[in-house]
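Residues per chain, in single letters:
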Amino acid sequence: MQPSDIEQVRRFNRAFTKRIGVLDESYLARGRPLGEARVLFEIGLAGGIGLQALRERLGLDSGYLSRLMRSLEGQGMVELVRDEADARARLAKLTIVGKKEFEAYDRLSDVAAEGLLGSLREPDRKLVVEAMAQIERLLRAASVTVTLEPADSADARFCLESYYAELARRFPAGFDPLAGNNFDPAEMTPPKGWFVVARLDGEPVGCGALKRLEDGVGEVKRVWTLPSARGLGVASRIMDRLEAQAVEAEFTILRLDTNGTLKEAQAMYAKRGYRPIPRYNDNPYAEHWFEKGV
């Protein structure tokens, strides 16, 4: 990494934070700093959110979030209520006053954005908007995490159910997860197998599994990305993690199959060096089979 690259990032950060008022004691002239304003806005945007989810979404230290929440509660903007789905958890919701403040921030944020863009000539305005979109996409991609976890966890089930629903929509004859290619969480539990979940801002956006077929041979299964997270390289990150796990498990060969409808999956596998091979399983939905040495 070049020192000039680092200096450019720091220079951009200083210029942008000054321009959007990050250091103002009263962000958008509403009487509170940006930290409190952002928490209030996120709660309103979500229509109510659990504290853990809020902390992960904003990347905040739990102690700092607690201080922000106490301040907003003291201002009568936010209230904490019991989560009906989990009595041990609490949800943050806006009060009537908080909802009015959320609407004010929403309106003033539009005005501020218009002011920033309005200070530029049309060609420059277009360049700034396009550059912001690109930076946002790249920063979101960089914040994706992929971790091993139980194949029957709540987030794993969400990913698998979403994956099955998508296959049912896309396959001409639909998709039945119990038809000859059943997913058994026990087979995705070490040492038989492994399951990974990809998350973006704490929310599950993808999954994948690695299954032991025989000595030295593993199989990649259930690689899926949430549609709204596609284009961020999530599937590639999942494959990187599974292939690294395959090496750790001392596999020398990885195999996988896919349906002919999933053109994007076939393209990704070919790009990663998987080569076509004859059928190696009885998956009724498989139409293409691939293999790669690791």
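Overview of the structure.

The rules we used
- Residues numbered from 1 in each chain as written.
- Predicted model: local features only at pLDDT ≥ 70, side-chain atom pairs only at ≥ 80, totals over all residues.
- Heavy atoms only, no water.
- Helix = DSSP H or I, 4+ residues; strand = E, 2+ residues; numbered from the N terminus.
- Expected span 1.5 Å × (residues − 1).
- Core = buried A, V, L, I, M, F, W, Y, C linked by side-chain atoms within 4.5 Å.
- Buried < 20%, exposed > 50% of the residue type's maximum accessible area, 1.4 Å probe, protein only.
- Contact = heavy atoms within 4.5 Å.
- 1 Å grid on protein atoms, 1.4 Å probe; cavity = no way out; pocket = protein on both sides within 12 Å on 5 of 7 lines; lining within 4 Å.
- Points joined across faces, edges and corners; volume = space filled by probe spheres on them.
- Nonpolar A, V, L, I, M, F, W, Y, C, P; charged D, E, K, R; others polar.
- Pairing = 2+ DSSP bridges.
- Polar contact = N/O pair within 3.5 Å; in protein donor to acceptor, adjacent residues only side chain to side chain.
- Salt bridge = Lys/Arg side-chain N within 4 Å of Asp/Glu carboxyl O.

## Section: helix H8 (residues 234-248)
Then, in step 1: Between its first and last C-alpha, H8 extends 21 Å over 15 residues, near the 21 Å set by a 1.5 Å rise per residue.
Then, in step 2: Looking one or two places after H8, you find Glu250, whose phi comes out positive at around 65°.

## Some details on the nonpolar core
Then, in step 1: By size, the foremost hydrophobic cluster in this structure holds 45 residues, and its most contacted members are Phe195, Val220 and Tyr269.
Then, in step 2: Only helix H7 (154-170), strand S5 (193-200), strand S6 (203-214), strand S7 (217-225), H8, strand S8 (253-258) and helix H9 (263-271) provide two or more residues apiece to this core.
Then, in step 3: When near neighbours in sequence (up to four residues on either side) are disregarded, Phe195 contacts Thr147, Leu148, Glu149, Pro150, Ala151, Ala156, Leu160, Phe183, Met188, Cys207, Gly208 and Ala209.
Then, in step 4: Of all hydrophobic cores here, the second largest spans 19 residues; its members include Phe41, Val78, Ala92 and Leu94.

## Brief notes about the layout of surface pockets
Then, in step 1: Each pocket or cavity is described by its volume, and for the largest pocket that value is around 1500 Å³.
Then, in step 2: Phe16, Ile20, Tyr27, Leu34 and Arg38 are the residues nearest the centre of the largest pocket, which is lined by 32 residues in total.
Then, in step 3: Of all elements in the fold, only helix H1 (3-20), helix H2 (34-46), helix H5 (96-118) and helix H6 (122-142) reach the threshold of two or more residues within the lining of the largest pocket.
Then, in step 4: Residues of the lining of the largest pocket, tallied by class, amount to 19 nonpolar, 5 polar and 8 charged.
Then, in step 5: Space inside the second largest pocket adds up to approximately 630 Å³.
Then, in step 6: Here the lining of the second largest pocket gets 7 residues from one element, more than from any other, and that element is S7.
Then, in step 7: When grouped by side-chain class, the residues that make up the lining of the second largest pocket number 16 nonpolar, 8 polar and 8 charged.

## Description of the pairing of S6
Then, in step 1: Pairing of S5 with S6, which is carried by 8 bridges, proceeds in the antiparallel orientation. Bridging from a neighbouring strand, Phe195 pairs with Ala209 of S6.
Then, in step 2: What sits between the antiparallel neighbours S5 and S6 is a turn of 2 residues, in which Asp201 has the positive phi angle 55°.
Then, in step 3: Taken together, S6 and the strand that follows it, S7, pair antiparallel across an intervening segment of 2 residues, in which Gly216 is found at a positive phi of about 80°.

## Section: the side chain of Arg222
Then, in step 1: For Arg222, the position within the fold is in strand S7.
Then, in step 2: Polar contacts involving the side chain of Arg222 include one to the side chain of Tyr164, which spans 3.4 Å.

## Overview of the pattern of salt bridges
Then, in step 1: This structure, assessed with the given rule, holds 20 salt bridges.
Then, in step 2: A salt bridge links Glu42 to Arg57; the shortest N-O distance between them is 3.7 Å. Of this pair, Glu42 sits in helix H2 while Arg57 sits in helix H3 (residues 51-58), and the two are 15 residues apart along the sequence.
Then, in step 3: Arg275 is the partner of Glu291 in a salt bridge, and the nearest nitrogen-oxygen pair spans 3.1 Å. Linking Glu291 in strand S10 (residues 288-293) with Arg275 in strand S9 (residues 275-277), this pair joins segments that are 16 residues apart in sequence.
Then, in step 4: Three or more residues joined by partner-sharing salt bridges are found here, namely Glu166, Arg170, Arg230 and Glu264.

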